[in-house]
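What follows is each chain in one-letter form.
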Amino acid sequence: SPRWGGGGGGHNAPRHQSACVDVASREVRPASFESKGPATCCRQCRQMSGGAPAAVYTPDTKGFVVAPWDYRLGGGTVRYFSQVLGLSDEDMLHNTSTSPLVEGPNFVRDMRACIGMLMSRPTGEDMFPGGQPLVFEWQDQAGGGGCAV
């Protein structure tokens, strides 16, 4: 089993954190991603505010859509988020992760960004003015790859 973490011996960690599925061969392989796609923080906010998971890729149009969801941060949540933002990185890691000993190096940075985004946009209307989704187009890049822009 792979080992991650500092302090000498490290800690047990998942063998793989991401997978790639070849739909033609039905083969599943380990994967790693340089980018998590557009509007990553906004998409993570959906989970942090109680929104249901949602598909973001539309194969028929090769589009990438972040649809609005309805939420409103209550006073208790705002107070909790304010307290969390005041924590040291180590304390935030241990108070917001279900597996703090094996989180990646950007976990706390990403968590602070998402909490900050929710605090500055405490309702679905603030996140998506006029209820409009965020829409990105897939553009092929030189070298055979592509990206959503």
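Cut-off values and rules
Residues numbered from 1 in each chain as written. Predicted model: local features only at pLDDT ≥ 70, side-chain atom pairs only at ≥ 80, totals over all residues. Heavy atoms only, no water. Helix = DSSP H or I, 4+ residues; strand = E, 2+ residues; numbered from the N terminus. Contact = heavy atoms within 4.5 Å. Salt bridge = Lys/Arg side-chain N within 4 Å of Asp/Glu carboxyl O. Buried < 20%, exposed > 50% of the residue type's maximum accessible area, 1.4 Å probe, protein only. Phe/Tyr/Trp six-rings, centres within 6.5 Å; stacked < 30°, edge-to-face > 60°. Pairing = 2+ DSSP bridges. Polar contact = N/O pair within 3.5 Å; in protein donor to acceptor, adjacent residues only side chain to side chain.

> When you look at the environment of Cys20 in this model, what are you seeing that I'm missing?
Position of Cys20 among the secondary structure elements: in strand S3 (residues 19–22). For the pair Cys20 and Ser32, spaced 12 residues apart in sequence, the C-alpha separation works out to 8.6 Å. In contact with Cys20, other than residues within four places in its own chain, are Glu27, Val28, Arg29 and Ala31.

> Where do I start with the side chain of Ser49 in this structure?
In this fold, Ser49 is placed in the loop between helix H1 (40–48) and strand S5 (57–58). Each residue touching Ser49, except ones within four places of it in the same chain, is listed here: Trp69, Tyr71 and Leu118.

> When you look at the pattern of salt bridges in this model, what are you seeing that I'm missing?
Between side chains of opposite charge, a pair can form as their charged atoms come close. Per the counting criterion, the structure on display carries 3 salt bridges. With a closest N to O distance of 3.0 Å, Arg112 and Asp89 form a salt bridge. A residue pair is termed long-range when its members are at least 10 positions apart, and Arg112 in helix H4 (residues 107–120) and Asp89 in helix H3 (residues 89–96) qualify at 23 residues. A relative accessible area of 48% places Asp89 in the partly exposed class. One salt bridge connects Arg109 with Asp110, and the closest N-O pair in it is separated by 2.9 Å. Judged by its relative accessible area of 53%, Arg109 falls in the exposed class.

> Hey, could you run me through the packing of aromatic side chains in this one?
The geometry of two aromatic rings is summed up by the distance between their centres and the angle between their planes. Following the criterion strictly, the structure yields 4 aromatic pairs and no others. Both rings, one in Tyr80 and one in Phe81, keep their centres 6.0 Å apart while their planes meet at 45 degrees; by these two values the pair is tilted. By relative accessible area, which is 6% here, Phe81 ends up buried. Grouping aromatic residues by their ring pairs yields a cluster made of Trp69, Tyr71 and Phe128.

> How do you make sense of the pairing of S3 when you look at a structure like this?
Regular strands have side chains that alternate between both faces of the sheet. Of the pairings in the sheet, the one linking S3 to strand S4 (residues 27–30) comprises 4 bridges and is antiparallel in character. Paired with Val21 across the bridge in S4 is Val28. Here S3 folds back onto S4, and the loop between the two strands holds 4 residues, one of which, Arg26, carries a positive phi near 65 degrees.

> Would you mind showing me how to read the side chain of Ser97 here?
Structurally, Ser97 can be placed in the loop between H3 and H4. Separated by 2.9 Å, the side chain of Ser97 and the backbone nitrogen of Ser99 make a polar contact. Side chain to side chain, Ser97 and Glu103 meet in a polar contact 2.5 Å long. Dropping the residues within four chain positions of it, Ser97 is found in contact with Glu103 and Phe107.

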